[in-house]
Amino acid sequence: MVAKILDGKEIAKDYRAKLKEEVERLKKQNIVPKLSVILVGNDGASQSYVNSKKKAAEKIGMISEIVHMDESSTEEEVLNELERLNHDDSVSGILVQVPLPDQVSEAKILEAIDPSKDVDGFNPINIGRLYTGERTFIPCTPLGIMEILKHADIDLKGKNVAVIGRSHIVGQPVSKLLTDQDATVTLLHSKSQNTEEVLKNSDVIVSAVGRIHLVTKDLVKPGAVVIDVGNTPGEDGKLKGDVDFQSVKEIAGAITPVPGGVGPLTITMVLNNTLLAEKWKNGIE
Ligand code: GUN
């Protein structure tokens, strides 16, 4: 069996075309969504991510700005900038790129984002809303993964799903979303003792660890859907996934490539959530 390639770029392209139409409709009512991104420091990968988010927002007609702060910025300086954006009525959505420099507490910063502008869904109030089932901003990578799974034509009801990696950004929220779709989810992590057995018995594998080629062909059940969230620079400087794509594609039913799989959907969902923030602000459901 050769796996269906789940082309994130194609899925994202169609989704963004629909978002662009919605932005155009809003603009006719003088409503213009705006995404503000705070970037602290000069980490190359983070700079590239935030530039992609800004470019993608502008391409669908939104306004976007990057507030680039010095690596040596204090926590107070970042909080002040955040407060300014919280109170700026022209700003629909705010995103603070993580990781932050050591002197700035991530927890304090995420807690200070106005929950109604928190398009990453990282503020504790929005995390709580996700778990109580209230309307909220769903974190962008998990939301993107669910969109890709829709395109894999898999009914998740009762299926065994293995999520590898328990991060707040991906592993934990995506486990919740998959559970909401009636999947039976096993959240694997570095201390799990039965990883191999669980993976071999999984209809879907979502890997979000950041270890190159952690998931090999011998760990995948024939026909399984494999979603690769890994995005680690390899020795050749190219980004590599958690999944050994070349071998796993021979046995999986469907698989996402890296790059061009989950990444484009994450950015798309930042745009989706920014649009939602602006709509909700204006009482549009
Ligand atoms: N760093 C890595 N992924 C993300 C993300 O989804 N949002 C933010 N703000 N920072 C990140």
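Treat the numbers as computed from the prediction; the structure is a model and nothing was measured. (Residues numbered from 1 in each chain as written. Predicted model: local features only at pLDDT ≥ 70, side-chain atom pairs only at ≥ 80, totals over all residues. Heavy atoms only, no water.)

1. Details of the UniProt feature "domain: Tetrahydrofolate dehydrogenase/cyclohydrolase NAD(P)-binding" (unreviewed entry) in the chain
Under the UniProt annotation, "domain: Tetrahydrofolate dehydrogenase/cyclohydrolase NAD(P)-binding" (unreviewed entry) lies at residues 139-279. Structurally, residues 139-279 comprises 35% helix and 17% strand, and the distance from its first C-alpha atom to its last is 18 Å. (UniProt positions renumbered as here; feature names shortened; annotations may be inferred. Helix = DSSP H or I, 4+ residues; strand = E, 2+ residues; numbered from the N terminus.)

2. Considerations on the sheet that holds strand β8 (residues 225-228)
As summarised here, the arrangement of the six strands in space is β1-β11-β8-β7-β5-β6, forming an open sheet in which the pairing is parallel. Each edge of the sheet is formed by a strand with only one pairing partner; in this case those strands are β1 (4-5) and β6 (184-188). Two elements, strand β7 (residues 204-207) and β8, share four bridges in a ladder whose sense is parallel. Directly across from V206, in β8, lies its bridge partner I227. (Pairing = 2+ DSSP bridges.)

3. Looking at the environment of P233
Here P233 is to be found in strand β9 (residues 232-233). Assessed through its relative accessible area of 56%, P233 is described here as exposed. Spatially, the C-alpha atom of P233 lies 10.0 Å from that of R211, the residues being 22 residues apart in sequence. Ignoring sequence-local partners within four residues, the contact set of P233 consists of I212, K238 and L239. (Buried < 20%, exposed > 50% of the residue type's maximum accessible area, 1.4 Å probe, protein only. Contact = heavy atoms within 4.5 Å.)

4. Quick word on the packing of aromatic side chains
If you walk through the whole model with that rule in mind, you get one aromatic pair. Ring centres of F137 and W280 lie 5.0 Å apart, and the angle between their planes is 35°; this geometry places the pair in the tilted category. You can see F137 sitting in the loop between α5 (124-132) and α6 (140-151) and its partner W280 sitting in helix α10 (residues 262-281), a full 143 residues away along the chain. The residues F137 and W280 share a single accessibility class, namely buried. (Phe/Tyr/Trp six-rings, centres within 6.5 Å; stacked < 30°, edge-to-face > 60°.)

5. Let's talk about the UniProt feature "domain: Tetrahydrofolate dehydrogenase/cyclohydrolase catalytic" (unreviewed entry) in the chain
In this structure's numbering, the residues bearing the UniProt feature "domain: Tetrahydrofolate dehydrogenase/cyclohydrolase catalytic" (unreviewed entry) are residues 6-120. Across residues 6-120, helical content stands at 49% and strand content at 16%; the span's end C-alpha atoms are separated by 24 Å.

6. Notes on helix α1 (residues 8-27)
In an α-helix there are 3.6 residues to a turn, and that puts residues three or four apart on one side. Taking 1.5 Å per residue, 20 residues should reach 28 Å; α1 reaches 28 Å between its end C-alpha atoms and fits that length. Listing the buried residues of α1 in full gives G8, I11, A12, L19, V23 and L26. Along the axis of α1, the buried residues cluster in a sector spanning 105°; they form a single face. Looking at α1, the residues exposed on the side facing more than 90 degrees away from the buried face are K13 and K18. With a side-chain oxygen positioned 3.0 Å from the backbone nitrogen of K9, the residue opening α1 is D7. (Expected span 1.5 Å × (residues − 1). Arc of directions from axis to C-beta. Polar contact = N/O pair within 3.5 Å; in protein donor to acceptor, adjacent residues only side chain to side chain.)

7. Quick look at the sheet that holds strand β3 (residues 63-69)
Ordered in space as β3-β2-β4, the three strands form an open sheet in which the pairing is parallel. The open sheet is flanked by β3 and β4 (93-96), the only strands paired with a single partner. Here the strands of the sheet are splayed against their neighbours by 15° on average, with no regard to which way each runs. Helix α2 (residues 44-59) contacts β2 (34-40), β3 and β4 of the sheet and is inclined by roughly 160° relative to β3. Across the sheet, helix α3 (residues 75-87) lies against β2, β3 and β4, angled at about 165° from β3, the strand it touches most. (Axes fitted to C-alpha atoms, helices over the stretch in contact; angles between N-to-C directions.)

8. Some remarks on the environment of N126
Take N126: it is sitting in helix α5. For the pair N126 and I138, spaced twelve residues apart in sequence, the C-alpha separation works out to 8.0 Å. Beyond its immediate chain neighbours, meaning those up to four positions away, N126 contacts P115, D118, G121, T136 and F137. Within the structure, the side chain of N126 is placed 3.0 Å from the backbone oxygen of P115, a separation counted as a polar contact.

9. A short note on the pairing of β2
Counting buried positions along β2 gives seven out of seven residues, so the element sits mostly inside the fold. Here β2 shows two buried faces, one formed by K34, S36, I38 and V40 and the other by L35, V37 and L39. The pairing of β2 with β3 spans seven bridges and is parallel. Counted as the bridge partner of L39 is H68 from β3.

10. A short note on the site of the ligand
The full set of residues close to the ligand is L95, V96, Q97, V98, D120 and F122. At 3.3 Å, a side-chain N or O of Q97 approaches a nitrogen atom of the ligand. The side chain of D120 places a nitrogen or oxygen atom 2.6 Å from a nitrogen atom of the ligand. Out of a free accessible area of 280 Å², the ligand has 84% covered by protein chains. Its residues assigned to classes, the shell around the ligand comprises four nonpolar, one polar and one charged. (Near = heavy atom within 4 Å. Areas by Shrake-Rupley, 256 points an atom, 1.4 Å probe, with all protein chains shown as cover. Nonpolar A, V, L, I, M, F, W, Y, C, P; charged D, E, K, R; others polar.)

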